[in-house]
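Working through the structure, step by step
Okay, here's what each chain looks like letter by letter:
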Amino acid sequence: MKVLGIETSCDECAAAVVEDGRNVLSNVVATQIPHHAPYNGVVPEIASRKHTEWIYCVVKEALEKAALEPQDIDAVAATSRPGLLGSLLVGLSFAKAFAWSRNIPFIAVDHMLAHLYAAQLSVETLAYPYLGLLVSGGHSIICRANAFDNITVLGTTIDDAAGEAFDKVAKHYHFGYPGGAVIDRMAKDGDSDSFRFPMPSLHKGSLPRGSEHRCDVSYSGLKNAVINQLEQFRHKKDGATRNEDIAASFQKTAVEILLRALFNACEDTGLSTVVAGGGVAANSSLRSRLAQRQDIRCIFPPMELCGDNGAMIAGIAWHYLARGDRSPLSVTASARVEGFKKKYP
Ligand code: KG4
Ligand code: ZN
């Protein structure tokens, strides 16, 4: 079964064709970065307008790269939540129209579940349950994955998302946009011990089992420390402040915050397989720190499937289709994460 997957939740206009939930036949991502870069962040109005202009060409290219015609597609899927409402509506409406005009099934997909699924496009089937580390520009979720469509949220951010912290720090220092990839690159030339930034108070010391926030993360304190109080936390060496050192020191703490919460989740659930997903899963420091843990099997999607893409949408949609699910064409977009209950392990 060949599924066309469409993803337009934020600033990537993406479409892909995936066969039987695994075999990626094409994966086209048209990034809007140059259009948002002058503003150092995503401008929702620009994002939805660009999606409207590009979606037809992006889908056409995905079909061409897969050497397929529209009539070869067996089903269509699109992200319906969470994301920017105007952007979501473009991909969702296009997918519904495609499905309706060809009289084929349509599936509405949750973006975060799709990020969690992305790793499965590159590894042999993973046995449930496992831990999910979902880290993107809008969300930070540590969860127990019970099935492809069922997660239990163990921890989340109590303020900013991980990617948001990277983006805001980069914006403040004019490092470039989008912040995550830029800081990651700069950090390679920096000394991560140049500055000492604080861990969030919810991770000061070690929280005992049963503590409400054991698997939660918080980034606003770190972000504010880096942005506003750099002097205060300065570790005077030669007095010179290098941007690369700021980037490396921030990144070290940002990754440490995620790992604290994740390791608590491993300990509390007894699960030792972690599947990462979302843009921040591309972070080199996060990847290398997790690779050092012999007792944890960590699976990352390939770099091109960490950020937003259509392949993860088409891939997960196949599982819904295989069990006979269909989404009604009345499904609409939602900006929020919905349907996941937080539960302490
Ligand atoms: O999943 P994604 O492409 O879009 C959302 O669903 O939000 O994630 C985008 C986020 C941005 O905040 C971006 O700065 C961050 O992922 N990101 C990174 C890296 N590459 C992208 N953060 C840290 N290190 C990276 N290498
Ligand atoms: Zn995403």
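Described in the following lines is the structure provided in the data block. These numbers come from a predicted model, not from an experiment. (Residues numbered from 1 in each chain as written. Chains lettered and ligands numbered in written order. Predicted model: local features only at pLDDT ≥ 70, side-chain atom pairs only at ≥ 80, totals over all residues. Heavy atoms only, no water.)

A cis amide bond links R81 to the next residue, P82, at an omega of -20°. Position of P82 among the secondary structure elements: in the loop between β4 (75–81) and α3 (85–102). At the junction of Y128 and P129, the peptide bond is cis and its omega measures out at 0° in the coordinates. One can find P129 in the loop between α4 (111–118) and β6 (130–135). (Helix = DSSP H or I, 4+ residues; strand = E, 2+ residues; numbered from the N terminus.)

Six octahedral donors around a metal ideally make angles of 90 or 180 degrees; four tetrahedral donors ideally make 109.5 degrees. Each protein donor to the zinc ion (ligand 2) is listed here as H111 (NE2), H115 (NE2) and D308 (OD); together their distances run 2.0 to 2.1 Å. Read from N- to C-terminus, the donor residues coordinating the zinc ion (ligand 2) fall into the pattern H-x3-H-x192-D. Here D308 lies in the loop between β10 (297–299) and α10 (311–322) and H111 lies in helix α4, a separation of 197 residues in the sequence. On the basis of relative accessible area, H111 is assigned to the buried category, the value being 5%. Assessed through its relative accessible area of 16%, D308 is described here as buried. (Donors = N, O, S within 2.8 Å, 3.2 Å for Na, K, Ca; no water. Buried < 20%, exposed > 50% of the residue type's maximum accessible area, 1.4 Å probe, protein only.)

With that out of the way, let us pick up the nonpolar core. Counting residues in each nonpolar core, the largest one holds 47 residues, and the members touching the most others are L133, Y219 and F250. The set of elements that each furnish at least two residues to this core consists of β6, α5 (162–172), α6 (179–187), α7 (220–228), α8 (243–269), β9 (273–277) and α9 (284–291). Setting aside residues no more than four positions away along its own chain, F250 makes contact with A165, F166, V169, I183, F197, L222 and V226. Core analysis: the second largest hydrophobic core is formed by 37 residues, I107, V153, A317 and F340 among them. (Core = buried A, V, L, I, M, F, W, Y, C linked by side-chain atoms within 4.5 Å. Contact = heavy atoms within 4.5 Å.)

Okay, the pattern of salt bridges next. Side chains that carry opposite charge are capable of pairing whenever their charged atoms lie near each other. Per the counting criterion, the structure on display carries 20 salt bridges. Residue K223 is joined to D160 by a salt bridge in which the shortest nitrogen-to-oxygen separation is 2.8 Å. In this pair, K223 is assigned in helix α7 and D160 in the loop between β8 (150–156) and α5, connecting sequence segments 63 residues apart. Accessibility classification places K223 together with D160 in one group, the buried group. A salt bridge links D245 to R242; the shortest N-O distance between them is 2.9 Å. Here D245 falls in the buried class, since its relative accessible area comes to 10%. (Salt bridge = Lys/Arg side-chain N within 4 Å of Asp/Glu carboxyl O.)

A word on the pairing of strand β7 (residues 140–147). On a regular strand, one side chain projects to one face of the sheet and the next to the other, so that they alternate. One ladder, built from six bridges, connects β6 with β7; its direction is antiparallel. Directly across from Y130, in β7, lies its bridge partner A145. Hairpin connection from β6 to β7: four residues lie between these consecutive antiparallel strands. Judged from the six bridges that link them, β7 and β8 form a sheet pairing that is antiparallel. Residue pairing in the sheet places C143 in a bridge with V153 of β8. Linkage of β7 to β8, two consecutive antiparallel strands, is achieved through a turn of two residues. (Pairing = 2+ DSSP bridges.)

If you walk across this open sheet you meet the five strands as β3-β2-β1-β4-β5, and the pairing is mixed. Strands with a single pairing partner mark the edges of an open sheet, and in this sheet they are β3 (23–31) and β5 (106–110). For this sheet, the mean inter-axis angle between neighbouring strands, taken without regard to orientation, is 20°. Most of the contacts of α3 go to β4, to which it runs at about 155°, and overall it touches β1 (2–7), β4 and β5. This element, α10, spans β1, β2 (12–19), β3, β4 and β5 of the sheet and lies at about 130° to β1. (Axes fitted to C-alpha atoms, helices over the stretch in contact; angles between N-to-C directions.)

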